[in-house]
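For reference, the chains in residue letters:
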Amino acid sequence: MRIGILTSGGDCPGINATIRGVCKTAINHFGMEVYGIHNGFRGLLDDNIEQLTDRSLTGLLNMGGTILGTSREKPFKRRASGVFSEDKPAIILKTIRERQLDCIVCIGGNGTQKTAAKLMQAGVNVVSIPKTIDNDVWGTDMSFGFDSAVTIASDAIDRLHSTASSHQRVMVIEVMGHKAGWIALYSGMAGGGDIILLPEIPFDIHRIGDTIISRLKKGKPYSIVVVAEGIATPDGKKPAQYIAEEIEYETGFETRETVLGYIQRGGAPTPFDRNLATRMGGYATELISKGEFGKMVALQGNVIGAVDLEQVAGKLKLVTEDHDLIVQGQRMGICFGR
Ligand code: F6P
């Protein structure tokens, strides 16, 4: 079999480990040929494809980013006029046919899963693997990239405690996560955040102020506030800046903000993510070897399985207020905004 592999959407630690897991298993165990498609789905439009060999896979396990490159190309997305700028789907199908690719492995987040489902509906054999630091892909308990981002964000939050207490300040840190609050929740709890704001839980600034003041009265004249980038702010104000300004106005505390940004997407994957990537990559080739297409590989409990791609496409996995980390945090006096 000849399989194509592409990486699409935001990069994250663990993508190269996944490429390694797919390719080494396909080549060494199943005797397949693997072709790397560069820059996400754009590589199928540009016919920018090259065969991957064992040599091309050296040193990938702990390498950040993606050796294939990525893009946010959405070839099935119609223009405002309702038609494609050129017939991208036809170009993609022609490339796959001429390259004699029997299956395409799509590694990506929500957007990628949607495109992979449309590719499948167009008659292409597809297996996808969930990838995103946001952990918001429906159908899998976790995606690789998330543990690495949480590790980076937790370390950053740890570092804010000393400067907050030294200056008796409130330190606000904004973390990524798109429309979901998973990174803020997990890193906020791991980093000892006093206030954690998630897009899924509307916040009351007065409640936040009360929490900061009550800490002061308990002899803690400083606080750490962890803010998910997707929280609602008036007039699209930048979350960390908006929350810091509101806190300073509400409490009189000196407040500073940090936006962690793309640091959360860089560098080597954690060991957990390396092994999750390896497990998912290997399982994808197992599905291909059995002719089980139209599936997304998924972590279910501690078992690697698969879900129908059509069930996943277009769905977001968001934090629910009854999550045990939230319930436990509230019982410990951590404020989630209300
Ligand atoms: O999906 C991963 C992510 O880092 C989000 O957390 C963030 O909102 C978005 O990508 C940023 O997109 P871009 O890389 O296109 O700026």
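Scroll up a little and you will see the structure.
This structure is a prediction, so every number in the text was calculated from the model and none was measured.

Thresholds, definitions, all that
- Residues numbered from 1 in each chain as written.
- Predicted model: local features only at pLDDT ≥ 70, side-chain atom pairs only at ≥ 80, totals over all residues.
- Heavy atoms only, no water.
- Phe/Tyr/Trp six-rings, centres within 6.5 Å; stacked < 30°, edge-to-face > 60°.
- Helix = DSSP H or I, 4+ residues; strand = E, 2+ residues; numbered from the N terminus.
- Buried < 20%, exposed > 50% of the residue type's maximum accessible area, 1.4 Å probe, protein only.
- Lys NZ or Arg CZ within 6 Å of the ring centre and 35° of its normal.
- Salt bridge = Lys/Arg side-chain N within 4 Å of Asp/Glu carboxyl O.
- Core = buried A, V, L, I, M, F, W, Y, C linked by side-chain atoms within 4.5 Å.
- Contact = heavy atoms within 4.5 Å.
- Expected span 1.5 Å × (residues − 1).
- Near = heavy atom within 4 Å.
- Polar contact = N/O pair within 3.5 Å; in protein donor to acceptor, adjacent residues only side chain to side chain.
- Areas by Shrake-Rupley, 256 points an atom, 1.4 Å probe, with all protein chains shown as cover.
- 1 Å grid on protein atoms, 1.4 Å probe; cavity = no way out; pocket = protein on both sides within 12 Å on 5 of 7 lines; lining within 4 Å.
- Sits in = over half its atoms within 2 Å of the grid points.
- Nonpolar A, V, L, I, M, F, W, Y, C, P; charged D, E, K, R; others polar.
- Patch = residues over 30% accessible without salt bridge, like charges linked within 9 Å, V, L, I, M, F, W, Y side chains within 5 Å.
- Lys, Arg positive; Asp, Glu negative; His and termini not counted.
- Charge placed at Lys NZ, Arg CZ, Asp CG, Glu CD.
- Axes fitted to C-alpha atoms, helices over the stretch in contact; angles between N-to-C directions.
- Parallel < 35°, antiparallel > 145°, perpendicular 65-115°, else oblique.
- Left-handed = near helix turned anticlockwise from the far one by under 90°.

Caption draft 1: Geometry of the packing of aromatic side chains. Counted according to the given criterion, the structure contains two aromatic pairs. Geometrically, the ring pair formed by phenylalanine 146 and tyrosine 186 is edge-to-face, given 5.2 Å between the ring centres and 75° between the ring planes. Placement of phenylalanine 146 in helix 5 (residues 146-167) and of tyrosine 186 in helix 6 (residues 182-190) is noted, with a sequence separation of 40 residues between them. Using a relative accessible area of 28% as the deciding quantity, one classes tyrosine 186 as partly exposed. Taking the centre distance of 6.3 Å and the plane angle of 50° together, the rings of tryptophan 182 and tyrosine 186 count as tilted. Placement of the pair is tryptophan 182 and tyrosine 186 together in helix 6, with a separation of four residues, close to one helical turn. Pairwise contacts between aromatic rings join Phe146, Trp182 and Tyr186 into one cluster. If you follow arginine 215 out to its NZ or CZ, it ends over the ring of tyrosine 222, 5.4 Å from the centre. Over the aromatic face of tryptophan 138 sits the side chain of lysine 315, whose NZ or CZ is 3.9 Å from the ring centroid.

Caption draft 2: Fine view of the pattern of salt bridges. Within this structure, the stated rule accounts for 13 salt bridges. Between glutamate 98 and lysine 94 there is a salt bridge; the shortest N-O distance is 3.1 Å. Taken as a pair, glutamate 98 and lysine 94 lie in helix 3 (residues 88-98) at a separation of four residues, close to a single helical turn. Its salt-bridge partner being arginine 169, residue glutamate 254 comes within 2.9 Å of it at the nearest N-O pair. Taken together, the positions of glutamate 254 in the loop between helix 8 (239-251) and strand 9 (255-259) and arginine 169 in the loop between helix 5 and strand 6 (170-175) put the pair 85 residues apart, joining distant regions of the chain. For glutamate 254, a relative accessible area of 38% corresponds to the partly exposed category. It is possible to trace a salt-bridge network through shared partners that takes in Arg169, Glu254 and Arg256.

Caption draft 3: Examining the nonpolar core more closely. Ile5, Ile19, Ile129, Val172, Val225, Ile243 and Ile247 are the most contacted members of the largest nonpolar core, which totals 79 residues. The greatest single-element share of this core, amounting to eight residues, is contributed by helix 5. Excluding its chain neighbours within four sequence positions, the residues that come into contact with valine 225 are Val170, Met171, Val172, Ile173, Ile195, Leu197, Ile243 and Ile247. One finds Leu6, Tyr35, Ala117 and Val312 within the second-largest nonpolar core, a separate group that totals 25 residues.

Caption draft 4: Fine view of helix 5. Taking 1.5 Å of rise per residue, 22 residues should cover 32 Å, and helix 5 covers 32 Å from first to last C-alpha, within 8% of that figure. Along helix 5, the residues classified as buried are Phe146, Ser148, Ala149, Val150, Ala153, Ser154, Ala156, Ile157, Leu160 and Ala164. Positive phi appears at glutamine 168, one or two residues downstream of helix 5, with a value of about 45°.

Caption draft 5: Spatial organisation of the site of the ligand. Close to the ligand lie Arg72, Thr132, Ile133, Asp134, Met176, Gly177, His178, Glu229, Tyr262 and Arg265. Taking arginine 72, its side chain carries an N or O atom lying 2.9 Å from an oxygen atom of the ligand. One of the backbone N or O atoms of glycine 177 is found 3.2 Å from an oxygen atom in the ligand. Protein chains shield 73% of the accessible area of the ligand, which is 400 Å² for the free molecule. Placement of the ligand is best described as lying within the largest pocket. Tallied by class, the residues present in the shell around the ligand amount to three nonpolar, three polar and four charged.

Caption draft 6: Here's a closer look at a positive patch on the surface. Together, Arg72, Lys74, Lys77, Arg78, Lys114, Lys118 and Lys179 make up a region of like positive charge exposed at the surface. Locating lysine 114 in the fold gives a position in helix 4 (residues 110-121). A relative accessible area of 44% places lysine 114 in the partly exposed class.

Caption draft 7: Representation of the packing of helix 1 (residues 15-28) against helix 9 (residues 271-289). At a minimum axis distance of 7 Å, the contact between helix 1 and helix 9 shows a crossing angle of 40°. Judged by the inter-axis angle, helix 1 sits oblique to helix 9. Our pair here, helix 1 against helix 9, has a crossing hand that is right-handed. On helix 9, the residues touching Ala17, Thr18, Arg20, Gly21, Val22, Thr25 and Ala26 of helix 1 are Arg274, Ala277, Thr278, Gly281, Gly282 and Thr285. Here the contact of helix 1 with helix 9 is composed, by residue class, of four nonpolar, seven polar and two charged.

By themselves, these are just geometric observations and shouldn't be taken as functional.
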